[in-house]
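Here are the chains, one letter per residue:
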Amino acid sequence: MKQIKQKVVVFTGAGISAESGIRTFRDSDGLWEEYNIRDVATPEAWAKNRELVLEFYNKRRKQSLEAKPNPAHKALKDLEKKYDVIIITQNIDDLHERAGSKKVLHLHGEINKCRSTVDETLIYPMKKEGIKLGDKCERGSQLRPHIVWFGEMVPMMDLAYEVASTADIFIVVGTSLVVYPAAGIINYVSANIPKYLIDPNEINVSGIKNLTIIKEKAGIGLPKLVENLLK
Ligand code: OAD
């Protein structure tokens, strides 16, 4: 008889891609030290200075194309040998997919895609050179990055809450857990299941039951945890 696999839900943030050379947002060398969120990652920024917004995301895309999956991304692929693994990521890079993970839900969009500014269902693969001013969708509107900006709805949020609520094991990796609604996902996970949090820094998580904190970089802590879960 075929055994039903346990479901592992993994919630990832910028920290899992840090060892691949992609900058996080809030560490000391983070992106939000160099840029003001309001200038590049909001609908107001898009209304005010499209060129700056496009330049910011074209740089993010170049950086993500140059990066390679690290041992943490690869460990999550290995976890599929024994578990039904669903990754809910806040990251816009595609390193989970390139490591081979099959089920990845991008809460904050994807840097390899662009979309229409008049119809959000018109989504296209990004051209090699990124988006330029004047690049238009089939309805004639300027293309924008397929990214969820601050102040915009997170369309995948309800699905993510639902997935989290059915987890048998929940793992959090490399996120400061300060950006909502995404960070609220941990409150939808059943109190009784085992939970793990991997981050080299102190993260503010109080009142979460059955939580094991692994204070290590993702590239070290995650392969070790996966090895234990596969035993
Ligand atoms: P942050 O930059 O806020 O947090 C990164 C986390 O990764 C921190 O907790 C670090 O301690 C941790 N970290 C750093 N290096 C690590 C390593 N090698 N291994 C494991 N962890 C490491 O990034 P996010 O929490 O992902 O949204 O940020 C959430 C959202 O805020 C992003 O999706 C983005 C951003 O503004 C939008 O742009 C909409």
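The preceding data block contains the structure.
Here is a short report on the structure shown in this document. Nothing here was measured: the structure is a model prediction, and the numbers come from that model.

Time to look at the overall build of the protein. Tallying secondary structure elements over the protein gives nine helices and nine strands in all. Its C-alpha radius of gyration of 18 Å places the protein within 12% of the 17 Å reference for a compact globule of 231 residues. Each principal axis of the C-alpha atoms in the protein carries an extent, and together these give about 55 × 45 × 30 Å. Looking at the protein residue by residue over its 231 residues, the buried ones come to 51%. Partitioning the contacts of the protein with sequence separation of at least 6, the portion at a separation of at least 24 is 61%. Carbon together with sulfur atoms contributes 52% to the accessible area of the protein, which is approximately 12,100 Å² in total.

On to the sheet that holds strand β5 (residues 123-125). Taken in spatial order, the three strands of this open sheet run β5-β4-β6, and their pairing is antiparallel. Strand pairing shows two members of the sheet lacking a second neighbour, β5 and β6 (143-147), which therefore form its edges. Mean inter-strand twist for the sheet, computed between neighbouring axes without regard to direction, equals 45°. As judged from the three bridges shared by strand β4 (residues 109-116) and β5, these two strands associate in the antiparallel manner. Along β5, the bridge assignment pairs cysteine 114 with tyrosine 124.

What follows concerns the site of the ligand. Among the 24 residues in the neighbourhood of the ligand, the closest are listed as Arg26, Thr175, Ser176, Asp199 and Asn201. At 2.9 Å from an oxygen atom of the ligand is found a side-chain nitrogen or oxygen belonging to tryptophan 32. Glycine 174 is positioned such that a nitrogen or oxygen atom in its backbone is 3.3 Å from an oxygen atom of the ligand. Within the complex, 94% of the 800 Å² of free accessible area of the ligand lies under protein. Here the ligand is seated within the largest pocket. Of the residues in the shell around the ligand, the class split is 10 nonpolar, nine polar and five charged. Each of domain 1 (1-22 + 70-108 + 154-231) and domain 2 (23-66 + 113-147) accounts for three or more of the residues forming the shell around the ligand.

Before going further, it helps to spend a moment on the sheet that holds strand β7 (residues 169-173). Strand order across the open sheet formed by six strands is β3-β2-β1-β7-β8-β9, with parallel pairing between neighbours. Edge positions in the sheet fall to β3 (104-106) and β9 (211-214), since each of these pairs with one other strand and no more. Strand after strand, the sheet turns through a mean of 15° between neighbouring axes, direction not considered. Here strand β2 (residues 84-89) runs beside β3; their pairing, made up of three bridges, is parallel. Following the sheet pairing, threonine 89 is matched in β3 by histidine 106.

Among all positions of helix α8 (residues 157-165), only Met157, Ala160, Tyr161, Val163 and Ala164 are buried. Viewed along the axis of α8, the buried residues span an arc of 165°, placing them on a single side of the element. Turned more than 90 degrees away from the buried face of α8 sit Asp158 and Glu162, all of them exposed. Tucked inside the fold, the buried residues of α8 contact β1 (7-12), β2, β3 and β7.

On to the layout of surface pockets. Empty pockets left among the atoms are what a rolling probe the size of a water molecule brings to light. When its volume is computed, the largest pocket comes out at roughly 1,000 Å³. For the lining of the largest pocket, the elements supplying multiple residues, two or more each, are α1 (15-18), α2 (31-34) and α5 (50-66). It is α5 that provides the largest number of residues to the lining of the largest pocket, a total of five residues. Broken down by class, the residue content of the lining of the largest pocket amounts to 23 nonpolar, 15 polar and 10 charged. Here the lining of the largest pocket gathers at least three residues from each of two domains, domain 1 (1-22 + 70-108 + 154-231) and domain 2 (23-66 + 113-147). Each pocket or cavity is described by its volume, and for the second largest pocket that value is around 320 Å³. Lining of the second largest pocket is provided by 15 residues; of these, Arg115, His146, Val148, Pro155 and Met156 occupy positions nearest its centre. When contributions to the lining of the second largest pocket are tallied by element, the ones reaching two or more residues are β3, β4 and β6. Among the residues forming the lining of the second largest pocket, the class breakdown is seven nonpolar, three polar and five charged. Mapping the lining of the second largest pocket onto the domain boundaries places at least three of its residues in each of domain 1 (1-22 + 70-108 + 154-231) and domain 2 (23-66 + 113-147).

Scoring rules and cut-offs
Residues numbered from 1 in each chain as written. Predicted model: local features only at pLDDT ≥ 70, side-chain atom pairs only at ≥ 80, totals over all residues. Heavy atoms only, no water. Helix = DSSP H or I, 4+ residues; strand = E, 2+ residues; numbered from the N terminus. Rg over C-alpha atoms; globule rule 2.2 N^0.38 Å. Buried < 20%, exposed > 50% of the residue type's maximum accessible area, 1.4 Å probe, protein only. Contact = heavy atoms within 4.5 Å. Areas by Shrake-Rupley, 256 points an atom, 1.4 Å probe, with all protein chains shown as cover. Pairing = 2+ DSSP bridges. Axes fitted to C-alpha atoms, helices over the stretch in contact; angles between N-to-C directions. Near = heavy atom within 4 Å. Polar contact = N/O pair within 3.5 Å; in protein donor to acceptor, adjacent residues only side chain to side chain. 1 Å grid on protein atoms, 1.4 Å probe; cavity = no way out; pocket = protein on both sides within 12 Å on 5 of 7 lines; lining within 4 Å. Sits in = over half its atoms within 2 Å of the grid points. Nonpolar A, V, L, I, M, F, W, Y, C, P; charged D, E, K, R; others polar. Domains from an automatic or database assignment. Arc of directions from axis to C-beta. Points joined across faces, edges and corners; volume = space filled by probe spheres on them.

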